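# Survey of secondary and tertiary structure
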Amino acid sequence: MQDHDAVLNAFQAWRGEPLALATVVSTWGSAPRPRGSHMLVHGDGRFAGSVSGGCVEGDVLATAHEVLASGRAERRRYGVADLSAWEVGLPCGGEIEVLVQPVGAAGFAPALFDAIVAARGEGRSIAVTTDLDSGTSREGGEEAGGFVNRYAPPRRLLIVGAVQIAQGLVGIGRTLGIDMTVIDPRGRFLTEERFPGVRLDDRWPDEAIAACRPDAATAVVTLSHDPKIDDPALIAALQAPTGYIAALGSRRSHAARCRRLLDAGVTETALARIDAPAGLSIGAIGAAEIALSVAAGMVAAFAEPKATG
């Protein structure tokens, strides 16, 4: 899943000015950035986003200025098989192909940026198809029509329990660009001082989670250690197509939790969706490391291909 927030925000700030959009349209081997990655280039040399993590950005910037001068899209391929690849700094063993388009009617129209922002705001996916020969893009996902880039809804994290681990998880989530809400009916825990700049919800977790309508791009993590708070949250999360559901606690406490949830009518199949103990096993000690393991488990779950149909 790509993080396009930086590019979308930059477009809003630079709207109406000369811009070029670089996109990774093909990858081979251990490419530094996946297909669909973007980099937006301003006519004055500023840029946002990345197509290679720094390896070939300099050459892409030069290509972008050529595209802005000519008004025509250009494609560039970078890989270790070519001497130029070493010159621009792609020695990782992979290859990428980058399309650089003018932002405008003859390339990537401003209306497409607006459509992507609107779709993400509504929590739905959107596809854009690009004709690699002409360099023009249009909304829609017709595979036969060229390169298709799919923009998923922004990832969300609903944290249940305003505890110390939640503070660490909020910090990591912020660096990952994830939209976060901390949920806890206990007013002494849920304070702006402890969670500055984060959306806070003091409703009971089942009500708060139901109101958020979790989808495949949403994670729900329960951290309170209080069954009165965590159990209703898990039941609400399991009633939705939530992408990742995790619960803090030992295997013994999770076994007891499962018995309670079964008594509440949750099925064995639904219980299998809960990642518990929460997160990846990294030998975490202390709140910060536990938060890291939970974040890693969430990222891994978001990266898994989801069944469709």
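Please refer to the structure higher up on the page.
Residues numbered from 1 in each chain as written. Predicted model: local features only at pLDDT ≥ 70, side-chain atom pairs only at ≥ 80, totals over all residues. Heavy atoms only, no water.

Take empty space enclosed by the protein next. Counted under the stated rule, the structure contains three cavities of 30 Å³ or more. Counted as a void, the second largest cavity has a volume near 60 Å³. In this structure, the second largest cavity is lined by Thr23, Val25, His38, Leu99, Gln101, Phe108, Val128, Thr130, Phe147, Asn149 and Tyr151. When contributions to the lining of the second largest cavity are tallied by element, the ones reaching two or more residues are strand 1 (19-28), strand 5 (95-102), strand 6 (126-130) and strand 8 (147-151). At three residues, the largest contribution of residues to the lining of the second largest cavity is made by strand 8. (1 Å grid on protein atoms, 1.4 Å probe; cavity = no way out; pocket = protein on both sides within 12 Å on 5 of 7 lines; lining within 4 Å. Points joined across faces, edges and corners; volume = space filled by probe spheres on them. Helix = DSSP H or I, 4+ residues; strand = E, 2+ residues; numbered from the N terminus.)

We now examine the environment of leucine 99. The residue leucine 99 is located in strand 5 in this model. Leucine 99 sits in the buried class, given a relative accessible area of 2%. As a C-alpha pair, leucine 99 and serine 26 span 73 residues in sequence and 9.3 Å in three-dimensional space. What leucine 99 contacts, discounting residues up to four positions off in sequence, is Leu21, Ala22, Thr23, Val25, Ala73, Glu74, Arg75, Thr130 and Leu132. (Buried < 20%, exposed > 50% of the residue type's maximum accessible area, 1.4 Å probe, protein only. Contact = heavy atoms within 4.5 Å.)

Looking now at the layout of surface pockets. The computed volume of the second largest pocket comes to approximately 320 Å³. Lining the second largest pocket we find 14 residues, and of these Pro277, Ala278, Leu280, Ser281 and Ser293 sit closest to its centre. Tallied by class, residues from the lining of the second largest pocket come to eight nonpolar, five polar and one charged. (Nonpolar A, V, L, I, M, F, W, Y, C, P; charged D, E, K, R; others polar.)

This next bit is on the sheet that holds strand 11 (residues 199-201). Here we have six strands laid out as an open sheet, ordered 11-10-9-12-13-14, and parallel in their pairing. Each edge of the sheet is formed by a strand with only one pairing partner; in this case those strands are strand 11 and strand 14 (274-275). (Pairing = 2+ DSSP bridges.)

So, on to the environment of histidine 254. Topologically, histidine 254 is positioned in helix 8 (residues 251-263). Of the residues examined, histidine 254 reaches a relative accessible area of 11% and is grouped as buried. As a C-alpha pair, histidine 254 and aspartate 275 span 21 residues in sequence and 9.8 Å in three-dimensional space.

Okay, the packing of helix 1 (residues 5-14) against helix 4 (residues 110-121) next. Running from N to C, helix 1 and helix 4 cross one another at 125°; their axes reach a closest spacing of 11 Å. When the interaxial angle is binned, helix 1 and helix 4 end up oblique. Considering how the two elements wind past one another, helix 1 and helix 4 form a crossing that is left-handed. Across the interface between the two elements, Asp5, Val7, Leu8, Phe11 and Gln12 of helix 1 pack against Pro110, Phe113, Asp114, Ile116, Val117 and Arg120 of helix 4. Residue classes in the contact of helix 1 with helix 4 are distributed as seven nonpolar, one polar and three charged. (Axes fitted to C-alpha atoms, helices over the stretch in contact; angles between N-to-C directions. Parallel < 35°, antiparallel > 145°, perpendicular 65-115°, else oblique. Left-handed = near helix turned anticlockwise from the far one by under 90°.)

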